[in-house]
Amino acid sequence: MSWLTFSGTAYDLGICVDHSKIGPTMPALTDPLDDAQLALLKVMAEQYLKSGQWPFWRYVEQMMDHLGYDDAEQVLKSLPVVGANSPVGRSYGLAWYDRVHLADDSRPALTVAAGLHSPELRHVFGDNFISVLQYFIKHQRAVRPSPDKVEAAYVTSDDFKRDFPAVTDEFVAALPGIFEHEPVLRRGSQPWGTNPARWRFELHKWLKDYRGVDDLPGYVERITEITLAANTLIIPESRAPELARVLGSSGGKIVIGPALSSPMPTVTGAITPRAVTPPEPKLYVNEGILTELSAKQGKTKLNLKKLLQLLRELDDAYADDHPYSCHALLRAIIDHVPPILGHKSFESAVNNYTWTRTDKKYVSRLLEFKTQADDVLHRQIRESADVITMYDLPQAAALNALLRVCIDKL
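Since the model is a prediction, treat every value here as computed from it, not as a measurement.

Side note on the packing of helix H13 (residues 357–378) against helix H14 (residues 396–409)
Turning to step 1, where the next piece is worked out: At a minimum axis distance of 8 Å, the contact between H13 and H14 shows a crossing angle of 115°. H13 and H14 meet at a crossing whose hand is left-handed. For the pair formed by H13 and H14, the contact residues are Asp-359, Tyr-362, Val-363 and Leu-366 on the first element and Ala-397, Ala-398, Leu-399, Ala-401, Leu-402 and Val-405 on the second.

Right, dumping it as structure tokens:
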């Protein structure tokens, strides 16, 4: 059994398929492959299913040579492609790779369309992938927009695993890499939290392009339509011969239109891309508070090492959206700090320490939270679903207010 197996029964996603919207099969990506092309797909697919990543190109070349095919690069470049065969326009084929320089340590990837020709990939890139696609479409159609603001809606890897309990963790972790080489889908996938295996997918409006697709041939056909439509150009009649020479056999379509009323603008100078700034980490503990507390270590008779570690682990769990870990760690923290305030228990500190009126409200919230934390830590398993989520954590300001008082007391 491969590591990508989506074991278990099929799921009814409640999606009605309108077969009248699916046109005739496009030939380019569905034509039979020759023996060399099939061998290449087999070499790449078998290694991918074993390890979860595409093999180095050098490995593929050597394996193809063992099989009697001495020009693996030519075989790779002979795989069917729909769309542009030039730098101008879009294209989609059975494989994704750097067409300018195929380095030994590069990792060419097979696209979902390769599942049409590869028995090894058909299960992963067929039924499983289509189930994921239909799942996204179902949720996208259920989104209720606001008339007053534009809000993005998402499905996360946690949502997907909850709704498909039979799916393997390996398959869920592999999905962003599969989306990366698929038109429309690549724009929705995003990392989520610090764990590289977790992701979220934006339910953007372009998912509607795949409505009515219920199998792999239908998906490939729809991609073909999308790609060819993207390569359709409407140009003035006077420029048709010029652009035809540039585009060559693009696989697209040139539509001759009337001459433009004014010449096209000329762009001068180079466009310099701006550096992409990574998003700020999602923190529960105020960063300045943590820095001040760290500076107190070694300057007080109390050892702050455990407290600092608990706070760092709380931030890690919060960034990764682990509600149970957050509850347990926050409970441990509020039980750990009372000696700083001269008390043996948190209840005693809340009731007897001299707080400002605002801080008393904050720590009272933390005291009330202990009951909720007990629920997480001690409630035993039951038939019904648990109700605790990340949204049930107390406001971060309450913990930061408590830590502020502790630092001032040290």
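More follows now that the structure is in view.
Side note on the environment of Met-390
Turning to step 1, where the next piece is worked out: As for its position among the elements, Met-390 is in the loop between H13 and H14.
Turning to step 2, where the next piece is worked out: Taking the relative accessible area as the measure of exposure, Met-390 reaches 16% and is therefore buried.
Turning to step 3, where the next piece is worked out: Leave out the neighbours within four places in its chain, and Met-390 touches Tyr-318, Asp-321, His-322, Pro-323 and Cys-326.

Comments concerning the pattern of salt bridges
Turning to step 1, where the next piece is worked out: This structure, assessed with the given rule, holds 17 salt bridges.
Turning to step 2, where the next piece is worked out: The salt bridge partner of Glu-151 is Lys-149, with a shortest N-O separation of 3.3 Å.
Turning to step 3, where the next piece is worked out: With its nearest N and O atoms 3.1 Å apart, the salt bridge here joins Lys-370 to Glu-347. With Lys-370 in helix H13 and Glu-347 in helix H12 (residues 346–352), this pair connects stretches of sequence that are 23 residues apart.
Turning to step 4, where the next piece is worked out: Judged by relative accessible area, which is 33%, Glu-347 ranks as partly exposed.

Regarding the sheet that holds strand S6 (residues 189–191)
Turning to step 1, where the next piece is worked out: Strand order in this open sheet of 3 strands is S5-S7-S6, and the pairing throughout is antiparallel. Edge positions in the sheet fall to strand S5 (154–156) and S6, since each has one partner strand and no second. This sheet shows a mean twist of 30° between the axes of neighbouring strands, independent of strand direction.
Turning to step 2, where the next piece is worked out: Where S6 meets strand S7 (residues 199–202), 3 bridges bridge the pair, whose relative direction is antiparallel. By the bridge assignment for S7, Pro-191 is matched with Trp-199.
Turning to step 3, where the next piece is worked out: Contacts from helix H6 (residues 169–179) reach S6 and S7 within the one sheet, and its direction differs from that of S7 by about 45°.

Looking at unusual backbone geometry
Turning to step 1, where the next piece is worked out: One non-glycine residue with positive phi stands out, namely Val-184, at about 75°.
Turning to step 2, where the next piece is worked out: With respect to the helices and strands, the residue Val-184 is situated in the loop between H6 and S6.

Thoughts on the nonpolar core
Turning to step 1, where the next piece is worked out: Core analysis: the biggest nonpolar cluster contains 64 residues, and Leu-40, Leu-121, Phe-136, Phe-160, Leu-185, Tyr-210 and Tyr-219 have the highest contact counts within it.
Turning to step 2, where the next piece is worked out: Looking at this core, the elements with two or more residues in it are helix H1 (35–51), helix H2 (57–66), helix H3 (72–77), strand S4 (109–110), helix H4 (119–142), H6, S7 and helix H7 (216–230).
Turning to step 3, where the next piece is worked out: Among the elements that make up this core, the one with the highest residue count is H4 (10 residues).
Turning to step 4, where the next piece is worked out: Counting 37 residues, the second largest nonpolar core, distinct from the first, contains Leu-314, Leu-329, Ala-349 and Leu-393.

A look at the packing of H1 against H4
Turning to step 1, where the next piece is worked out: One can describe the packing of H1 onto H4 by two numbers: an axis separation of 9 Å at closest approach and a directional angle of 55°. One finds that H1 runs oblique with respect to H4. For H1 against H4, the interelement crossing comes out left-handed. Seen from H1, the contacting residues are Lys-42, Ala-45, Glu-46, Tyr-48 and Leu-49; seen from H4, they are Glu-120, Leu-121, Val-124 and Phe-125.

Quick word on the confidence of the model for the protein
Turning to step 1, where the next piece is worked out: Looking at the protein as a whole, its pLDDT mean stands at 80, while 79% of the residues score no less than 70.
Turning to step 2, where the next piece is worked out: Averaged over each element, pLDDT in the protein is lowest for strand S9 (residues 253–257) (44) and highest for H2 (95).
Turning to step 3, where the next piece is worked out: Contacts for the low-pLDDT stretch residues 7–27, under 50 throughout, to residues beyond four places or in other chains number 30 contacts.
Turning to step 4, where the next piece is worked out: Overall, residues 246–279 carries pLDDT values under 50, and its contacts beyond four positions in sequence, including any with other chains, amount to 34 contacts.

Conventions adopted
- Residues numbered from 1 in each chain as written.
- Predicted model: local features only at pLDDT ≥ 70, side-chain atom pairs only at ≥ 80, totals over all residues.
- Heavy atoms only, no water.
- Axes fitted to C-alpha atoms, helices over the stretch in contact; angles between N-to-C directions.
- Helix = DSSP H or I, 4+ residues; strand = E, 2+ residues; numbered from the N terminus.
- Left-handed = near helix turned anticlockwise from the far one by under 90°.
- Contact = heavy atoms within 4.5 Å.
- Buried < 20%, exposed > 50% of the residue type's maximum accessible area, 1.4 Å probe, protein only.
- Salt bridge = Lys/Arg side-chain N within 4 Å of Asp/Glu carboxyl O.
- Pairing = 2+ DSSP bridges.
- Core = buried A, V, L, I, M, F, W, Y, C linked by side-chain atoms within 4.5 Å.
- Parallel < 35°, antiparallel > 145°, perpendicular 65-115°, else oblique.
- pLDDT = per-residue confidence, 0-100.

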